[in-house]
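Listed here are the chains, written in short residue letters.
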Amino acid sequence: MYEFAQMLLKGLGESLYMTLSSTVLAYLFGLPLGILLVVTEPSGLAPRPWLNSALGLVVNSARSVPFLILLVAVLPFTRAIVGTTIGTTATIVPLVLGAAPFIARLVESSLKEVDQGVVEAALAMGASPLQIVLKVLLPEAGPSLILGSAIAVTTILGYSALAGFVGGGGLGDIAIRFGYYRYQKDTMLVTVLLLVVLVQLFQGFGMRLAKRSDKRL
Amino acid sequence: MAETIIQTRNLSKRFADGNLALEGIDLDIYAGEIFGIIGKSGAGKSTLARCLNLLEKPTGGEVFFGGESLSTLKGKALYQRRQGMGMIFQQFNLFMQRSVLDNVRFPMEIAGFARRAARVRAEELLELVKLGEKADSFPARLSGGQRQRVAIARALALNPRVLICDEATSALDPETTRDILALLRDINERFQITMVMITHEMQVVQGVCHRVAVLDQSRLAETGPVREVFSNPQSKAAQALLLGEERSAALLLQFLKEKGLSLEEVLSRV
Ligand SMILES: Nc1ncnc2c1ncn2[C@@H]1O[C@H](COP(=O)(O)OP(=O)(O)OP(=O)(O)O)[C@@H](O)[C@H]1O
Ligand SMILES: [Mg+2]
């Protein structure tokens, strides 16, 4: 029993490590990408229709690859970067690749919610496109971006559980090794419950934070 | 004669969809005056306002600001010229996630003011629009009139030579409209800031404007001192605007008569 708890705890730690570091890294790519998608639109702050279509195509293509296939397809790439293809750190690579385009779309839709009139006011004051992104779009979209990040975290948590299939570690790994291969239904149930609780916590926390930060309420 | 601060020559704007919103507009707006631009919905008023600070790029003709042609300016040079013109809007367009004080501070942040100097000036401006005690509130908590006051303070932050007001009072009730117009007139008189008032309401033009241009279907129908245009309209468009008002007044009087009331009686009750 004690060993079981310890194993779960370790799995939980691994899941959190994978999820949180993947989220941060995926935002490092997804946030700028999402901003570019908005800004380069034909009606955007710095219209580059050609670049916009290209970026859109890349994002859509990446998003249409099922995560399980991505997981396997990037193995050589993962080995090149991390030096191994198994374990939690190795799993971060496909997680980031899979989540970044998704995050780009989340960011894009949050930024598009910002009232165009407010952007126009900033333009009329002589703000540059960069200033508008940093001082208007991002702050005004703040609450929506926070909500989006809660969706991103929970989605990445789900992906990370899937990574258990290829020896990725974490709760998903435990669920598959014990519950699936050894028919220990209880183990599987407990791990799945833990995942449910985690999703609830992240989502609830994100929603509360978004609400607290929103000055329109 | 007074110095011309904004001038347009043969200004045209055709949108990408082929819609011709402005055609051959020649305007001379004098420094220090309150210049009205009136016209029906869809006449092109907002487009004209947005062409003055090049938020909308004209497809023909030129816009001069302080004698300098803006049409060829790009990037930093254009951003700097825009800082010399404030603008306020029908929907106020305040930053909802910034406090009132931070809204007023925004243009100064953009222009690179020192933090302290910006704060001091923002506080002064809020006093000017009589919202000193609301500095730490957020726009969502303010009434329409208060929001427009914040927008005015914000638009004045960089000491603009011109304030462009696009339907600044159209979302406000009559009493608040009067307050805002009085504030704008006061600012015009105290700081000699030129004002361009875009409106579809006669009362706004009659109340505060010195001269007025009538815009009709993308073209300038008539320009002149308010009193002349209103007492002796030359163009069909100006006549229609005036007639519209007269007709409503006639309808009102007839309505009162049917109800057996006199205008004096009604006015004494409100
Ligand atoms: N971005 C745009 N693309 C295409 N057509 C436009 C665009 N903006 C405005 N128009 C058109 O240009 C014409 C003038 O519009 P504008 O907004 O300047 O009118 P307005 O006089 O300000 O009207 P209102 O009193 O309703 O505000 C309208 O026919 C409008 O449909
Ligand atoms: Mg308009």
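For the structure, check the block above.
First, a word on what this report is: a plain description of the structure on this page.

Cut-offs and rules
- Residues numbered from 1 in each chain as written.
- Chains lettered and ligands numbered in written order.
- Predicted model: local features only at pLDDT ≥ 70, side-chain atom pairs only at ≥ 80, totals over all residues.
- Heavy atoms only, no water.
- Buried < 20%, exposed > 50% of the residue type's maximum accessible area, 1.4 Å probe, protein only.
- Helix = DSSP H or I, 4+ residues; strand = E, 2+ residues; numbered from the N terminus.
- Contact = heavy atoms within 4.5 Å.
- Buried area = accessible area lost by both parts, 1.4 Å probe.
- Salt bridge = Lys/Arg side-chain N within 4 Å of Asp/Glu carboxyl O.
- Polar contact = N/O pair within 3.5 Å; in protein donor to acceptor, adjacent residues only side chain to side chain.
- Nonpolar A, V, L, I, M, F, W, Y, C, P; charged D, E, K, R; others polar.
- Near = heavy atom within 4 Å.
- Axes fitted to C-alpha atoms, helices over the stretch in contact; angles between N-to-C directions.
- Parallel < 35°, antiparallel > 145°, perpendicular 65-115°, else oblique.
- Left-handed = near helix turned anticlockwise from the far one by under 90°.

1. Concerning helix α3 (residues 100-111) of chain B
Inference 1: In terms of residue burial, α3(B) counts as a mostly covered element, since nine of its twelve residues are buried.
Inference 2: Buried within α3(B) we find V100(B), L101(B), N103(B), V104(B), R105(B), F106(B), P107(B), M108(B) and I110(B).

2. Focus on the interface of chain B and chain A
Inference 1: Facing 24 residues of chain B, the contacting portion of chain A comprises 24 residues.
Inference 2: Here chain B packs against chain A, burying approximately 2100 Å² in sum over the two surfaces, 60% of which is carbon and sulfur.
Inference 3: When the buried surface of chain B facing chain A is broken down by residue, Y79(B), Q97(B) and I110(B) rank first, second and third, together holding 30% of it.
Inference 4: Along the contact surface separating chain B from chain A lie two salt bridges.
Inference 5: K135(A) serves as the salt-bridge partner of E109(B), at 2.8 Å between the closest nitrogen and oxygen.
Inference 6: If you look at where chain B meets chain A, you find nine residue pairs in polar contact (both at pLDDT 80 or more).
Inference 7: Of all the elements in the fold, those that place two or more residues in the side of chain B that touches chain A are α2 (75-82), β6 (85-89) and α3 of chain B.
Inference 8: At four residues, the largest contribution of residues to the side of chain B that touches chain A is made by α3(B).
Inference 9: For the side of chain B that touches chain A, the residue count by class is 14 nonpolar, four polar and six charged.

3. Some details on the site of ligand 1
All names here are of chain B.
Inference 1: In the vicinity of ligand 1 lie 13 residues, with S41, G42, K45, S46 and T47 positioned nearest.
Inference 2: Between ligand 1 and the protein, one listed contact pairs an oxygen atom with a side-chain N or O atom of S41 at 2.6 Å.
Inference 3: The side chain of S46 places a nitrogen or oxygen atom 2.8 Å from an oxygen atom of ligand 1.
Inference 4: Per element, the largest residue contribution to the shell around ligand 1 is three residues, and it comes from helix α1 (residues 45-52).

4. Comments concerning the packing of helix α1 (residues 2-39) of chain A against helix α9 (residues 170-181) of chain A
Geometrically, a packed helix pair is captured by the angle between its two axes and the distance between the axes.
Residues and elements named next belong to chain A.
Inference 1: The interhelical angle for the contact between α1 and α9, taken along N-to-C directions, is 135°, at an axis separation of 6 Å. For the element pair α1 / α9, the angle class is oblique. Across from M7, L8, G11, L12, E14, S15 and M18 in α1, the residues of α9 making contact are G170, L171, I174 and F178.
Inference 2: Classifying every residue of the contact of α1 with α9 gives seven nonpolar, three polar and one charged.

5. A closer look at the environment of G126(A)
Inference 1: Counting through the fold element by element, G126(A) comes out in the loop between α6 (116-124) and α7 (129-140).
Inference 2: Between the C-alpha atom of G126(A) and that of E41(A), which follows or precedes it by 85 residues, the distance is 20 Å.
Inference 3: In this structure G126(A) touches Q131(A), Y79(B), R82(B), Q83(B) and I110(B), once residues within four positions along its chain are discounted.

6. Digging into the packing of α1(A) against helix α8 (residues 142-162) of chain A
Residue and element names in this part refer to chain A.
Inference 1: Between α1 and α8, the shortest axis-to-axis distance is 9 Å and the interhelical angle comes to 130°. Here α1 lies oblique to α8, going by the angle between them. Remark: the crossing between α1 and α8 carries right-handed chirality. Here α1 contributes S15, M18, T19, S22, T23 and Y27 to the contact with α8, which in turn contributes L145, G148, S149, A152, V153, I156, L157 and S160.
Inference 2: Residue classes in the contact of α1 with α8 are distributed as seven nonpolar, seven polar and no charged.

7. Digging into the pattern of salt bridges
Inference 1: Across all of its chains, the model carries 19 salt bridges over all chains by this definition.
Inference 2: Here E120(A) ties to R50(B) by a salt bridge, and the two come within 2.4 Å at their closest N and O atoms. Here E120(A) is found in helix α6, whereas its partner R50(B) is found in helix α1 on a different chain.
Inference 3: Between R9(B) and D28(B) there is a salt bridge; the shortest N-O distance is 3.1 Å. Separated by 19 residues along the polypeptide, R9(B) in strand β1 (residues 4-14) and D28(B) in strand β2 (residues 20-30) bring together distant segments of the chain.
Inference 4: R9(B) gets classed as partly exposed once you look at its relative accessible area, which sits at 32%.
Inference 5: The class of D28(B) is partly exposed, set by a relative accessible area of 25%.
Inference 6: Salt bridges linked by common partners bring E41(A), R105(A), E108(A) and K112(A) together as one network.

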